[in-house]
Amino acid sequence: PPSPFPPPPNHPPTPTCDSFYDFLFQDLSKPVLHWDFNDGTTEDSVMGVPLELGGGAHIYNGTLVLPQGNHVPHAEASDLGVALSADNGDMTLSAWVSLSSLGGLVGGAALSVAKSHGDYDFDAIVWGERKAHQWGAGSGHFKRSGHYDNGGKVEHQTKQMIHLVISYSNQHGVCIYRNGQPYTRCYRALGGLMKWTHKSGVSVLIGPRHKWHSKYMGVLTGAVDNVDIFDYSMEDTEVSQFHDRSKQARAYCNEFQEPMEAVPEKKHKIHLDTDEQIAVQGDTKYTIRYGHTG
C-alpha cells in the first residue's frame, strides 16, 4: 500500500559561499576585483588575480591576517593589466578591516591602488596618516586626501571588523563611508581624480599605502576581509545597500570557516546592531544573527 506520509521535501543543496555572494549582489554592479579569502587562497573571484603575501601576512579562517613583527606585512598584486577606474577616474574602494592596535605604527592601508613603477602616486584607505585614530583617503602628495578633521569618527576599539568605503566621483567628490554611513564630508580633489585606466604598471596593495622603489611605506596590522574595487563611484544609497549585503555575505561565508576538528559548541548572545566583532575565541563557536540577539 502507498505510504500515508507525504514524500520528504526536495531540499536544494546548500549554496556555496560564492553562489550566495552572487545571489546577494545580483542586482548590484559587480566589482572589477574581489578578494574574500574564503577558499584559503589569494586569488580574486572575478579574474583570478593572485595576491603575493609577504612580511608574515597569511590567511586564517577566510581572513587576511597582517601580524605585528619586524617586517611590513603585505599582500600585493603588481602590473594588473586591467583598468580599475572609469575613463574619467570614477572609482570605489571597499574593505572590511580590524585593527590589532590603535597606536604605534600608522600610515598603512586596508586597500591601496598604486603605481608599480616610477612616480609613487596612489589612492588608498589609509589609517592614521594625517590625524591619529582616523581613516582617510590617502594619495600621492595628498592630492586627493582633503583634511582628516572634517567629522571622521575616532576609532577607540581594536579587534572589531568595520567596513570602509571610499567613492571617487567627478560629480560628488571624494566621499568616505564607515559601516554604510557617511564618515566625513565629501570634498573635491585638488587637480581632479587619478585615472587608473592604464592597464600596466598598476598594483593593488593591502597593508602598506604604497611602495617607494622597493620599500613598503606605511604599516597596518590586524585583519582584512572582503576587498572590492569598482570602476564607478557609488552614491550614499548604494553604499548603504552594499554594506548591508556585504555584512550578510560575511556572516554566511564565515560559517564555512570552522576548524576541522570537532569542538564542543558554546552558545553566546551577542548584539550586533552596528559593528561586527571578530568571533574567534579559543574553542568558542558563535552563531551570528544580525539585527537581533541569537
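Described in the following lines is the structure provided in the data block. (Residues numbered from 1 in each chain as written. Predicted model: local features only at pLDDT ≥ 70, side-chain atom pairs only at ≥ 80, totals over all residues. Heavy atoms only, no water.)

1. Concerning unusual backbone geometry
A positive phi angle, near 50°, is found at Asn 179, a position not held by glycine. Looking at the element boundaries, Asn 179 is found in the loop between strand S11 (173-178) and strand S12 (181-182). Exposure remark for Asn 179: the relative accessible area of 12% places this residue in the buried category. Of note in this structure, His 213 is not a glycine but carries a positive phi near 60°. With respect to the helices and strands, His 213 occurs in the loop between strand S14 (210-212) and strand S15 (215-217). (Helix = DSSP H or I, 4+ residues; strand = E, 2+ residues; numbered from the N terminus. Buried < 20%, exposed > 50% of the residue type's maximum accessible area, 1.4 Å probe, protein only.)

2. Re the sheet that holds strand S9 (residues 135-139)
The six strands lie next to each other as S2-S5-S13-S7-S8-S9, forming an open sheet whose pairing is antiparallel. Because the sheet does not close on itself, it has two edges, and the strands there are strand S2 (52-54) and S9. Across the sheet, the axes of successive neighbouring strands diverge by a mean angle of 20°, strand direction being ignored. Judged from the three bridges that link them, S2 and strand S5 (residues 74-77) form a sheet pairing that is antiparallel. What sits directly across from Gly 54, in S5, is His 74. (Pairing = 2+ DSSP bridges. Axes fitted to C-alpha atoms, helices over the stretch in contact; angles between N-to-C directions.)

3. A few points about the state of the cysteines
One pass over the structure, following the stated rule, counts one disulfide. Covalently, Cys 175 is tied to Cys 186 through a disulfide, its sulfur atoms 2.1 Å apart. For the disulfide bridge between Cys 175 and Cys 186, the dihedral angle about the S-S bond is near 120°, and by the sign convention the bridge is right-handed. Placement of the pair is Cys 175 in strand S11 and Cys 186 in the loop between S12 and strand S13 (202-207), with a sequence separation of 11 residues. Under the relative-accessibility criterion, Cys 175 is labelled buried at 5%. The class for Cys 186 is partly exposed, based on a relative accessible area of 40%. (Disulfide = S-S within 2.5 Å.)

Worth remembering: the numbers are spatial, not functional.
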